[in-house]
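These are the residues of each chain, in order.
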Amino acid sequence: MTRSSQKFTEQELLTEIYSAFEPFQPPTPETYVDCQEVRGRWNVMRELGNKITRSKKPTCQIYTGHRGVGKSTELLRLKQALERQKYFVVYFAADDEDIEPNDTEYADILFACTRHLVQEIKLEKEKNPLLQWMESRWQSLKDLALTEVAFDGLSLEGQISQFAKITTNLRAVPDKRREMRQKINTFTPSLVAALNEFIQVAQKTLPADCRGIVIMADNLDRIAETQSEGELSNYDEIYLNRSEILRGLDCHVIYTVPISMVYSERATRLEDNYDKPDVLPMVMLRNRDGSPNPTGLQKFRELIYKRIAQIDPDLANGLDSQVFDSSETLEQLCLMSGGHMRNLMQLIQRAID
């Protein structure tokens, strides 16, 4: 134990290290490691951002990668980069509050985009096409919000919150999910029209130097594929049959998609409906001949070092002797991850356990 880590007991220190490797927590700027060099020079600004900054029209991109490889981290970095270039970015992790991954349809995604836009850009009711859309259909929609209140009697915040209530109920009330979707599906064309009108009005109310609105719908790759007998799977229905709806928003949009869509017989149809999907590669830890890749292993060492250094810089300097019992153990742990960031975090936590 180093001098600076002596403020912790041994168990407290293990707890600090354990917490530093939380698998589902994106890295901070201090702990981020740039892995372009071992990801085939993949760069989020070049692969996804340039299409947005160079296009004079709304764009729709799909983005994927294996679970735990770092997709959300790269999307959040892109969000920061675009905000520096004066874009208004609406990012949301869809499975946090909006969708039930084991039972998702396109209407859920459309309504999630609507909900986050109307929450992030608060337009007064008189100038807000989405609130007007909600009010004119309130008799039909109030059941989805599980409320009996009068819409026009709500404050602006109260009216906006009804969108959140509907997405929450879509996720949390399975017995009513199909009924809710049937109602939303009926209103889909008018909702898309109101959503695009909202985007146009919002563009005029944002700062004059704002270059556009970008929606990032993350964690849609966690949707499980479901299929009833004689019907299309929800993947086909969401990303192929309803692609004109997902592509139909008058702003830049990035959707994450399940990687199985990209590596399947549906890949050609996917590319026909969208541009070619961007796939975030894993970190290369082995060469083609199976030998360890020193550069990739060094990147994972750096990742571990930076997180330990947030607790105790002196301890981090002794990775091979004070944190791990040897450099061989550290290398083996990295190789076992297969190049998945999240796997590495989980392996470290498991080793501590």
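These numbers come from a predicted model, not from an experiment.

Reading the values: rules and limits
Numbers given to residues run from 1 along each chain, matching the order in which its sequence is written. Selection of residues for local features in this predicted model requires a pLDDT of at least 70, selection of side-chain atom pairs for listing and counting requires 80 or more, and totals for whole chains, interfaces and linings are taken over all residues. Only hydrogens and water are removed before side-chain values are computed, so all heavy atoms of the structure are retained for them. We call a residue buried when its accessible area falls under 20% of the maximum for its residue type, exposed when it is over 50%, and partly exposed in between, using a 1.4 Å probe and counting protein chains only. For helices the rule is a DSSP run of H or I covering at least 4 residues; for strands it is a run of E covering at least 2, with both sets numbered from the N terminus onward. If DSSP finds at least two bridges between two strands, the strands pair. We score Asp and Glu as negative and Lys and Arg as positive, and we do not count His or the chain ends. Salt bridges are counted wherever a side-chain nitrogen of Lys or Arg sits within 4 Å of a carboxyl oxygen of Asp or Glu. To count as a disulfide, a pair of cysteine sulfur atoms needs to be within 2.5 Å. Grouping buried Ala, Val, Leu, Ile, Met, Phe, Trp, Tyr and Cys residues that are joined through side-chain atoms within 4.5 Å yields what is termed a nonpolar core. A contact between two residues is defined here by any heavy atoms of the two lying within 4.5 Å. Here an angle of 0 to 180 degrees is reported between the N-to-C directions of two axes, which are lines fitted to C-alpha atoms, with helices fitted over the stretch in contact. An angle below 35 degrees is read as roughly parallel, one above 145 as roughly antiparallel, one from 65 to 115 as roughly perpendicular, and any other as oblique. By the definition used in this description, the sense in which the near helix is turned from the far one sets the handedness, with an anticlockwise turn below a right angle giving left-handed and a clockwise turn giving right-handed. The classification used treats Ala, Val, Leu, Ile, Met, Phe, Trp, Tyr, Cys and Pro as nonpolar, Asp, Glu, Lys and Arg as charged, and all other residues, Gly among them, as polar.

> Is there a simple way to explain the pairing of strand β3 (residues 212-218) in this structure?
Along any regular strand the residues' side chains alternate between the sheet's two faces. Most of β3 sits inside the fold, with 7 of its 7 residues counted as buried. On β3, burial covers both faces: Gly 212, Val 214, Met 216 and Asp 218 on one face and Ile 213, Ile 215 and Ala 217 on the other are all buried. Bridging between strand β2 (residues 87-93) and β3 involves 7 bridges; their strand directions are parallel. Paired with Tyr 87 across the bridge in β3 is Gly 212. Bridge count between β3 and strand β4 (residues 252-256): 4 bridges; the pairing is parallel. Opposite Ala 217, over in β4, you have Tyr 255 as the bridge partner.

> Looking at this structure, how should I read the side chain of Arg 307?
Among the secondary structure elements, Arg 307 is positioned in helix α15 (residues 294-309). Although Arg 307 lies buried, it forms no salt bridge, and the closest oppositely charged side chain, Glu 22, sits 8.7 Å away as judged by the N-O distance.

> Can you walk me through the state of the cysteines in this structure?
The term disulfide refers to a covalent linkage connecting the sulfur atoms of a pair of cysteines. The full count for this structure, using the stated rule, is 0 disulfides. With no disulfide of its own, Cys 113 lies 8.0 Å from the sulfur of Cys 251, the closest cysteine sulfur. Taking relative accessible area as the criterion, Cys 113 reaches 1% and is therefore assigned buried. No disulfide involves Cys 210; its sulfur sits 11 Å from the nearest other cysteine sulfur, which is in Cys 251. By relative accessible area, Cys 210 is classed as buried at 18%.

> I would appreciate a short explanation of the nonpolar core in the present structure.
Inside soluble globular proteins, nonpolar side chains tend to come together where they are buried. The biggest cluster of nonpolar side chains holds 60 residues, and the ones touching the most others in it are Leu 117, Trp 133, Leu 220, Tyr 239, Leu 249 and Tyr 255. Not counting residues up to four positions away in its chain, the partners in contact with Tyr 255 are Cys 60, Gln 61, Ile 62, Tyr 63, Ile 109, Cys 113, Ala 217, Leu 220, Leu 246 and Leu 249.

> Would you explain the sheet that holds β4 in this entry?
Within a sheet, neighbouring strands are paired by backbone hydrogen bonds and run either parallel or antiparallel to one another. Read from one edge of the open sheet, 5 strands run β2-β3-β4-β1-β5, paired in parallel fashion. Taken across any chain shown, the strands that pair with only one partner, and hence form the sheet edges, are β2 and β5 (278-279). Helix α5 (residues 106-120) rests against β2, β3 and β4 of the sheet, and its axis sits at about 130° to β2.

> Even after reading the chapter, I still don't get the packing of α5 against helix α9 (residues 174-186), so can you show me in this structure?
In a pair of packed helices, the angle between the axes and the distance between the axes together describe the arrangement. The interhelical angle for the contact between α5 and α9, taken along N-to-C directions, is 70°, at an axis separation of 10 Å. Classified by the interaxial angle, the pair formed by α5 and α9 is roughly perpendicular. Every pair of crossing elements has a handedness; the one defined by α5 and α9 is left-handed. Each of Tyr 106, Ala 107, Asp 108 and Phe 111 in α5 lies in contact with α9, whose residues at this interface are Arg 181, Ile 184 and Asn 185. Per-class residue counts for the contact of α5 with α9 are 4 nonpolar, 1 polar and 2 charged.

> How do you make sense of the pattern of salt bridges when you look at a structure like this?
Pairing is possible between side chains of opposite charge, provided their charged atoms come close. Throughout the structure, instances matching the rule amount to 16 salt bridges. A salt bridge links Glu 74 to Arg 77, with the nearest nitrogen and oxygen atoms 3.1 Å apart. In this pair, Glu 74 and Arg 77 are both assigned in helix α3 (residues 71-84), 3 residues apart and thus about one turn of the helix distant. A salt bridge links Asp 209 to Lys 86; the nearest nitrogen and oxygen atoms lie 3.9 Å apart. Highlighted residues: Asp 209 in the loop between α10 (188-205) and β3 and Lys 86 in the loop between α3 and β2, separated in sequence by 123 residues. Asp 209 sits in the partly exposed class, given a relative accessible area of 44%. Note on Lys 86: relative accessible area 44%, which makes it partly exposed.

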